[in-house]
Amino acid sequence: MGFLFSAYSAIWIILALYLYSIHSREKKLRSEVERLKQLLESKKDKL
Amino acid sequence: MTDQKRQAAFDSILGVLVLVAMVAALYMAFLQAPREKTMGDLQRIFYFHVPSAVMGILAFAVNFGASVMFLIKKDRRWDNLALSAGEIGVVFMSIVLITGPIWAKPVWFVWWTWSPRLTSSLILWMLYVAYLLIRTYVPDPGRRAMVSAVFGIIAFVDAPIVWFSIRWWRDIHPSPMLETGGLSPAMRPAFYVCVAAFLTLFLYVVRRRYFLESARHEVELLERKIF
């Protein structure tokens, strides 16, 4: 039973960590896109 | 409804579907499938180990196809898909390479043996880890996409070797159970549900990872416009 538990724990931990990494990278990029868009707008306004 | 909102709605539906499918897979693997006579409950590792291997190979096949398409079309979107599939393939193969030895220890009495199936699987995993590392070392996006497309095509040569290794050579690894009838009819529904669940998970993750890479591309374009 210990081996079975270890195997399924490993599967769920790997999948959870990977999904979390995608989510956090998405969040970071989204805010980066917003920041750059605002920067671009402000540059356009100055011109 | 805007495209972005439609995509978000579709992602939510797909996410719920993945959750339901994974719960169904767990139910089938632990409660519906009968207990195996010789290995006992340990055999239940098989229901998640094999679908992970299938999704790993599928991901590398998508990487191969997208790499070929990138070289033909020179369209960045194919490179985004290739990268997404390559990364996801590494995740699924990592699951295979961790759960395999956990199953092997009580059955073979060793964690690892250099059999054709195990060795070729480890090489496949290492090749795609190298694929991901190469991408981080090439700064120019166009060159990076080109180099990794060529590497992805070459790396895929190992995938059929992994798949057919247990047919081509004598191996300690169990033979293909569906073809040889090693999987009893009572166990098959659980196996098919688990494969279907992993397939929905695969589609969901590829989609999310692809949009992440597209957003990164958007950032690169904006940075070029600004600086």
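Residues numbered from 1 in each chain as written. Chains lettered and ligands numbered in written order. Predicted model: local features only at pLDDT ≥ 70, side-chain atom pairs only at ≥ 80, totals over all residues.

A closer look at the confidence of the model for chain B
Residue and element names in this part refer to chain B.
Thinking step 1. Averaged over all residues, the pLDDT of chain B equals 91, while 96% of them reach at least 70.
Thinking step 2. Looking across chain B, the model is least confident in helix α7 (residues 177-180), with a mean pLDDT of 64, and most confident in helix α2 (residues 46-73), with 96.
Thinking step 3. Model confidence for the complex: the whole-complex pTM is 0.91, and ipTM, which rates the interface, is 0.88. (pLDDT = per-residue confidence, 0-100. Helix = DSSP H or I, 4+ residues; strand = E, 2+ residues; numbered from the N terminus.)

Some details on helix α4 (residues 116-137) of chain B
Residues and elements named next belong to chain B.
Thinking step 1. In this model, α4 (22 residues) spans 31 Å end to end at C-alpha, consistent with the 32 Å of a helix rising 1.5 Å per residue.
Thinking step 2. Among all positions in α4, only Arg117, Leu118, Ser120, Ser121, Leu124, Trp125, Leu127, Tyr128 and Tyr131 are buried.
Thinking step 3. Considering only its buried residues, α4 is in contact with α2, α3 (76-108), α5 (141-155) and α6 (158-168). (Expected span 1.5 Å × (residues − 1). Buried ≥ 20, exposed ≤ 12 C-beta atoms within 10 Å, placed from the backbone. Contact = placed C-beta atoms within 7 Å.)

Focus: the packing of α3(B) against α5(B)
Residue and element names in this part refer to chain B.
Thinking step 1. In contact at an axis separation of 10 Å, α3 and α5 are set at 50° when each is read in the N-to-C sense. Judged by the angle between their axes, α3 and α5 are oblique. Remark: the crossing between α3 and α5 carries left-handed chirality. Every residue of α5 that contacts α3 at Arg76, Asp79, Ala82 and Gly86 is listed here: Ala145, Ser148, Ala149 and Gly152.
Thinking step 2. Its residues placed into classes, the contact of α3 with α5 shows three nonpolar, three polar and two charged. (Axes fitted to C-alpha atoms, helices over the stretch in contact; angles between N-to-C directions. Parallel < 35°, antiparallel > 145°, perpendicular 65-115°, else oblique. Left-handed = near helix turned anticlockwise from the far one by under 90°. Nonpolar A, V, L, I, M, F, W, Y, C, P; charged D, E, K, R; others polar.)

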